[in-house]
Amino acid sequence: GAIDNPYAALYDTEREDPDKKTKMFLENMIRLVEEEAFLDKIRASVLAFTVNQWDSIRMLAFYWGLLLHVVLILGSYAPHNALMYEGSLSSHQSFRESALAKGDYWTSLFYVTVLPVVEETARYMCWANAAICALRYFSFLWSRVALIILQGTASGDDEEEKEIRRGTSSGEKDAEEDTEVLFVEHLEQVSS
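None of these values were measured; they are calculated from a predicted model. (Residues numbered from 1 in each chain as written. Predicted model: local features only at pLDDT ≥ 70, side-chain atom pairs only at ≥ 80, totals over all residues. Heavy atoms only, no water.)

Describing the overall build of the protein
No. 1: Check the secondary structure of the protein and you find six helices and zero strands.
No. 2: The order of helices and strands in the protein, counted from the N terminus, is α-α-α-α-α-α.
No. 3: For the protein, buried positions account for 18% of its 192 residues.
No. 4: As displayed, the protein has an accessible area near 14500 Å², and 62% of this comes from carbon and sulfur atoms. (Helix = DSSP H or I, 4+ residues; strand = E, 2+ residues; numbered from the N terminus. Buried < 20%, exposed > 50% of the residue type's maximum accessible area, 1.4 Å probe, protein only. Areas by Shrake-Rupley, 256 points an atom, 1.4 Å probe, with all protein chains shown as cover.)

Encoded structure:
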């Protein structure tokens, strides 16, 4: 069956070498346990909702943004003769005034009753969207950024360990080469 998403990272390992696979599995498990320990500290605080409701906050922001776009798109009805009207954005205002003056029923109905409601609704929806996005941003900063930093420093520590190993290996090789050079020099001195 499918693996639970939070624990799928356990199995991000090399498949060919069993020793590396086991080592990487254990490293991934340690990382996940550290993450859960950090998130448990947040769950014990007043701001527990930033962890407990993270998926709900994300989905709320997505669906609210989608609903806002639907309102903006469906509420931006342009009468068919507005598309044929020549001019720029300022001419749209003059078209509106001329359409209202002509007494076209559907155009005047749209501009008088529908458009003001859509504009007011969209304005309040935009303010609510800003509040939801601020909540999502705060939740992200409070509960997720620290995890990203921990992962970055952990991978940096792994790189430093590899560099140290490489440095030790190359240092040992340099020492061996120096010993060989000294041995050859010593042989040359003895033979002469």
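Quick look at the pattern of salt bridges
No. 1: The full count for this structure, using the stated rule, is six salt bridges.
No. 2: Taking the shortest distance from any N to any O, the salt bridge between Glu 35 and Arg 31 comes out at 3.2 Å. On the criterion of helical spacing, the pair formed by Glu 35 and Arg 31 is a turn pair, its members being four residues apart in helix H1 (residues 18–43).
No. 3: Overall, the relative accessible area of 15% leaves Glu 35 in the buried class.
No. 4: Ionic contacts of the salt-bridge type, sharing partners, join the residues Glu 36, Asp 40 and Arg 43 into one network. (Salt bridge = Lys/Arg side-chain N within 4 Å of Asp/Glu carboxyl O.)

Here's the deal with H1
No. 1: Taking 1.5 Å per residue, 26 residues should reach 38 Å; H1 reaches 36 Å between its end C-alpha atoms and fits that length.
No. 2: For H1, the set of buried residues is Asn 28, Leu 32, Glu 35, Leu 39 and Ile 42. (Expected span 1.5 Å × (residues − 1).)

Re helix H3 (residues 54–74)
No. 1: Here H3 is 21 residues long and its end C-alpha atoms lie 30 Å apart, about the 30 Å a rise of 1.5 Å per residue gives.
No. 2: For H3, every residue scored as buried is listed here: Trp 54, Ile 57, Ala 61, Gly 65 and Leu 68. Seen end-on, H3 carries its buried residues on one side only, within an arc spanning 65°. Away from its buried face, by an angle of more than 90 degrees, H3 presents the exposed residues Asp 55, Ile 73 and Leu 74. (Arc of directions from axis to C-beta.)

Side note on the side chain of Asn 129
No. 1: For Asn 129, the position within the fold is in helix H6 (residues 105–191).
No. 2: A relative accessible area of 17% means that Asn 129 is categorised as buried.
No. 3: When sequence neighbours within four positions are dropped, the list of residues in contact with Asn 129 reads Trp 64, Gly 65 and Leu 68. (Contact = heavy atoms within 4.5 Å.)

Here we look at the packing of aromatic side chains
We describe a pair of aromatic rings using the distance from one ring centre to the other and the angle between the two ring planes.
No. 1: Inspection of every chain in the model, using the stated rule, returns three aromatic pairs.
No. 2: Where Phe 62 meets Tyr 63, the ring centres are 5.1 Å apart and the plane angle is 70°; that geometry is what we call edge-to-face.
No. 3: The partly exposed category is assigned to Tyr 63, whose relative accessible area is 48%. (Phe/Tyr/Trp six-rings, centres within 6.5 Å; stacked < 30°, edge-to-face > 60°.)

Examining the confidence of the model for the protein
No. 1: Scored by pLDDT, the protein has a mean of 75; 60% of the residues are at 70 or more.
No. 2: When pLDDT is averaged over each helix and strand of the protein, the minimum, 48, is found for helix H4 (residues 80–84) and the maximum, 92, for H3.
No. 3: The low-confidence segment residues 79–83 (pLDDT under 50) makes six contacts with residues lying over four places distant or belonging to another chain. (pLDDT = per-residue confidence, 0-100.)

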